[in-house]
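# Overview (structure and organization)
Here is how the chains run, residue by residue.
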Amino acid sequence: MCGIFGVYGAPNAAAMVHLGLYSLQHRGQESAGIVAVDETGIAKARRSMGLVSDGFEEEILAELPGSIALGHTRYSTAGSSTIENAQPVLARFRDGHIALAHNGNIINASELRRELENNGSIFSSTMDSEVLVHRIARSSSIAPEDRLADALDGVEGAYCLLVAVGNSLMAARDPRGWRPLVLGATDSGYVVASETCALDIVGAKYVREVEPGEIVVIERDGVRSVKVLPQKEARRCVFEYVYFSRPDSRIFGGSVDRARRELGRRLARDCPAPNADLVFSVPDSANAAALGYADESGLPLELALIRNHYVGRTFIQPSQAGRDAKVKVKYNAVHEVLDGKSVVMVDDSIVRGTTTRGLVAMVRAAGAREVHMRVSSAPITGPCYYGIDTPSREDLIAANLSVDEIAKHIGVDSLGYLSIDGMLESVPGGPKGFCHACFSGDYPTPPPTDPNKLRFGCGC
Ligand code: AMP
């Protein structure tokens, strides 16, 4: 997954993008990048591995002058985590520069790339996003939006894009609208961001969502919108509400915080734990759902797990012993809260089950008498091909075990998930118009021909 942020018409656009990327750090921690375009049309890029806070000292930002800039935070599978795959992509072609930042996954990228390679194109990364840059450069259209529309013709899958060509900044969202993208206004121009929390940090005012299938063009004389992409049924990613986006954001026109509380309330109604003493969350992503569960059930909400905020997702230990250590490095249980209690542990999802199993053991070791696990989404039974980094089916616990078997495996006294309907009915704008493929197997597109290659070549 990734975060994208663009600025048009700010005296020091790169510095503003830098701030915006801080608010999109949760969408990707492997690399970060900024491209700025100055008044003479010269574009410069800076990309670095790791966090936004690591790679952009003041001197570096000073080398990125201009009033147009775009940035990216990247999260992909470990194999493709290299500087060549850091974004934004910056390329030069006959008419100047093309800078591009992408959030999503293009599922026919392998075919499109092969077609380009057969015609002599060479690539410097394994990213699906680079395919788009080639296609923009090859378009014979004049207007920037026509170039982008040509490039996107026949592209299948999930994309939110920021593209700078000449003195234009464009934002585009795929026709199904899988990933969120919002337009904001500043005193002197516009910003575009994956989530509204990134508008807040730069003091921009929310204007509206970039609509599915829309290309927004920002130029000196303002904003224009074209809807040239083919219309398709909306398929917003429900997992953005469940887990991925920040709770202080509004995405898809709704509040993430309100969505998660409602998921928690519905979970309390559908999967009660009447004899429990207290509720706690697996911090931080399940905090709002646990609040909802506590509110609806009347059980007190406690802080039973403490998360170490200095441990990033890059802390990877391949062995099982290492995985257990990983849980302990990231979380610890509060004995005084748990000792002798029957507890409800709320998490937003179970993926492999490894963290969950370690947490349950930790909660029991801290004295919990009974552990009732409640999950504010449905069982994840399939991989995501549209931008969320889920493992393949063999590693997804719910694809291989029944709910009772999972309960046994993770060591809880009871386990309750939301149903798919319960989940879709709880989110703003639901139940229709969402992608729930990883829960239901109802994939809106044919699966990619080469899913493994896609995972390594993913643009986000
Ligand atoms: P596991 O023990 O592997 O089932 O991990 C469960 C935890 O992973 C939950 O606390 C989720 O909030 C979190 N999670 C869910 N989806 C993802 C993802 N795509 N990347 C990283 N963590 C995730």
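Not measured: the values here are computed from a predicted model.

Cut-offs used in this document
- Residues numbered from 1 in each chain as written.
- Predicted model: local features only at pLDDT ≥ 70, side-chain atom pairs only at ≥ 80, totals over all residues.
- Heavy atoms only, no water.
- Helix = DSSP H or I, 4+ residues; strand = E, 2+ residues; numbered from the N terminus.
- Rg over C-alpha atoms; globule rule 2.2 N^0.38 Å.
- Buried < 20%, exposed > 50% of the residue type's maximum accessible area, 1.4 Å probe, protein only.
- Areas by Shrake-Rupley, 256 points an atom, 1.4 Å probe, with all protein chains shown as cover.
- Lys, Arg positive; Asp, Glu negative; His and termini not counted.
- Charge placed at Lys NZ, Arg CZ, Asp CG, Glu CD.
- Near = heavy atom within 4 Å.
- Nonpolar A, V, L, I, M, F, W, Y, C, P; charged D, E, K, R; others polar.
- Salt bridge = Lys/Arg side-chain N within 4 Å of Asp/Glu carboxyl O.
- pLDDT = per-residue confidence, 0-100.
- Contact = heavy atoms within 4.5 Å.
- Phe/Tyr/Trp six-rings, centres within 6.5 Å; stacked < 30°, edge-to-face > 60°.
- Pairing = 2+ DSSP bridges.
- Axes fitted to C-alpha atoms, helices over the stretch in contact; angles between N-to-C directions.
- Parallel < 35°, antiparallel > 145°, perpendicular 65-115°, else oblique.
- Left-handed = near helix turned anticlockwise from the far one by under 90°.
- Domains from an automatic or database assignment.
- Buried area = accessible area lost by both parts, 1.4 Å probe.
- 1 Å grid on protein atoms, 1.4 Å probe; cavity = no way out; pocket = protein on both sides within 12 Å on 5 of 7 lines; lining within 4 Å.
- Points joined across faces, edges and corners; volume = space filled by probe spheres on them.

It is worth spelling out the overall build of the protein chain at this point. When you go through the protein chain residue by residue, the secondary structure sums to 18 helices and 23 strands. For a compact globule of 460 residues, the expected C-alpha radius of gyration is about 23 Å, and the protein chain comes in at 22 Å, within 12% of that figure. For the protein chain, the spread of C-alpha atoms along the principal axes amounts to about 70 × 45 × 40 Å. Counting every position in the protein chain, which comprises 460 residues, the buried fraction comes to 60%. Per element, the accessible surface of the protein chain, about 18,200 Å² overall, is 50% carbon and sulfur. Charged side chains in the protein chain number 48 positive and 56 negative. The centres of these two groups are separated by 2 Å.

This paragraph deals with the site of the ligand. The local shell around the ligand holds 16 residues, among which Asp347, Asp348, Val351, Gly353 and Thr355 are the closest. Compared with its free state, where it exposes 510 Å², the ligand has 87% of that area covered by protein. Of all elements in the fold, only helix 8 (238-244) and helix 13 (354-365) reach the threshold of two or more residues within the shell around the ligand. Of the residues belonging to the shell around the ligand, the class tally is six nonpolar, six polar and four charged.

Our focus in this paragraph is the environment of Ala437. Considering the arrangement of structural elements, one finds Ala437 in helix 17 (residues 437-440). Expressed as a C-alpha distance, the spacing of Ala437 and Tyr243, which sit 194 residues apart in the sequence, is 15 Å.

Attention now moves to the pattern of salt bridges. Summed over the entire model, instances satisfying the criterion amount to 25 salt bridges. Salt-bridge contacts for Glu262 lead to Arg265; the nearest nitrogen and oxygen are separated by 3.2 Å. One end of the pair, Glu262, and the other, Arg265, are both in helix 9 (residues 256-270), three residues apart, so they sit about a helical turn from each other. Connected through shared salt-bridge partners, Glu262, Arg265, Arg269, Asp295 and Glu296 make up one network.

Once that is clear, we can look at the confidence of the model for the protein chain. Summing up the model confidence of the protein chain, the mean pLDDT is 93 and the portion of residues at 70 or higher is 94%. When pLDDT is averaged over each helix and strand of the protein chain, the minimum, 51, is found for helix 18 (residues 451-456) and the maximum, 99, for strand 20 (residues 342-347). Contacts from residues 314-318, a stretch scored under 50 in pLDDT, to residues over four places away or in other chains number five contacts. Segment residues 455-460 is flagged for pLDDT under 50; beyond a separation of four residues in sequence, or across chains, it makes 36 contacts in the model.

Glancing now at the packing of aromatic side chains. For the structure on display, the rule yields 10 aromatic pairs. With a centroid separation of 5.8 Å and an interplanar angle of 65°, the aromatic rings of Tyr243 and Phe244 are classed as edge-to-face. Given a relative accessible area of 5%, Phe244 falls into the buried group. One aromatic cluster in this structure is built from Trp178, Tyr385, Tyr386 and Tyr443.

Moving on to the sheet that holds strand 9 (residues 182-185). Within the open sheet, the seven strands sit side by side as 3-2-4-1-10-9-11. Their pairing is antiparallel. In the strand order of this sheet, the two ends are held by strand 3 (43-49) and strand 11 (205-209), each with one partner. Here the strands of the sheet are splayed against their neighbours by 15° on average, with no regard to which way each runs. Where strand 1 (residues 2-8) meets strand 10 (residues 190-193), four bridges bridge the pair, whose relative direction is antiparallel. Along strand 10, the bridge assignment pairs Tyr8 with Tyr190. Along the sheet, helix 1 (residues 13-22) contacts strand 1, strand 2 (31-37), strand 4 (68-74) and strand 10; its crossing angle with strand 4, the most-contacted strand, is approximately 25°.

This part takes up the environment of Thr445. Locating Thr445 in the fold gives a position in the loop between helix 17 and helix 18. Residue class for Thr445 comes out buried when judged on its relative accessible area of 5%. Sequence spacing of Thr445 and Ile107 is 338 residues, and the spatial spacing of their C-alpha atoms is 8.6 Å. In contact with Thr445, other than residues within four places in its own chain, are Ile107, Glu156, Arg176, Trp178 and Tyr386.

Moving on: the packing of helix 5 (residues 129-138) against helix 6 (residues 144-152). Where helix 5 meets helix 6, the closest approach of the two axes is 8 Å, and the angle between their N-to-C directions is 125°. In terms of their interaxial angle, helix 5 and helix 6 are classed as oblique. Between helix 5 and helix 6 lies a crossing whose hand is right-handed. Here Leu132, Arg135, Ile136 and Ala137 of helix 5 lie close against helix 6, whose contacting residues are Arg147, Leu148, Asp150, Ala151 and Leu152.

To continue, consider the domain arrangement of the protein chain. Per the domain assignment, the segments making up the protein chain are domain 1 (3-233) and domain 2 (240-443). Computed from C-alpha coordinates alone, the two centres of domain 1 and domain 2 are separated by 32 Å. In this assembly, 23 residues from domain 1 lie in contact with 18 residues from domain 2. Taken together, both faces of the contact between domain 1 and domain 2 bury some 1,800 Å²; the carbon and sulfur share is 53%. It is Tyr75, Trp178 and Arg179 that lose the most area in domain 1 upon contact with domain 2, and together they represent 27% of the buried surface on that side. Here domain 1 and domain 2 share two salt bridges between them. Secondary structure elements with two or more residues in the side of domain 1 that touches domain 2: strand 6 (96-106) and helix 7 (197-201).

For the rest of this paragraph, the subject is empty space enclosed by the protein. Going through the model one piece at a time under the given rule, you end up with one cavity of 30 Å³ or more. The calculated volume of the largest cavity comes to roughly 100 Å³. Lining of the largest cavity is provided by 16 residues; of these, Cys237, Cys384, Ile388, Cys435 and Cys438 occupy positions nearest its centre. Put simply, the parts of the chain that give the lining of the largest cavity at least two residues each are helix 8 and helix 17. Partitioning the lining of the largest cavity into residue classes produces 13 nonpolar, two polar and one charged.

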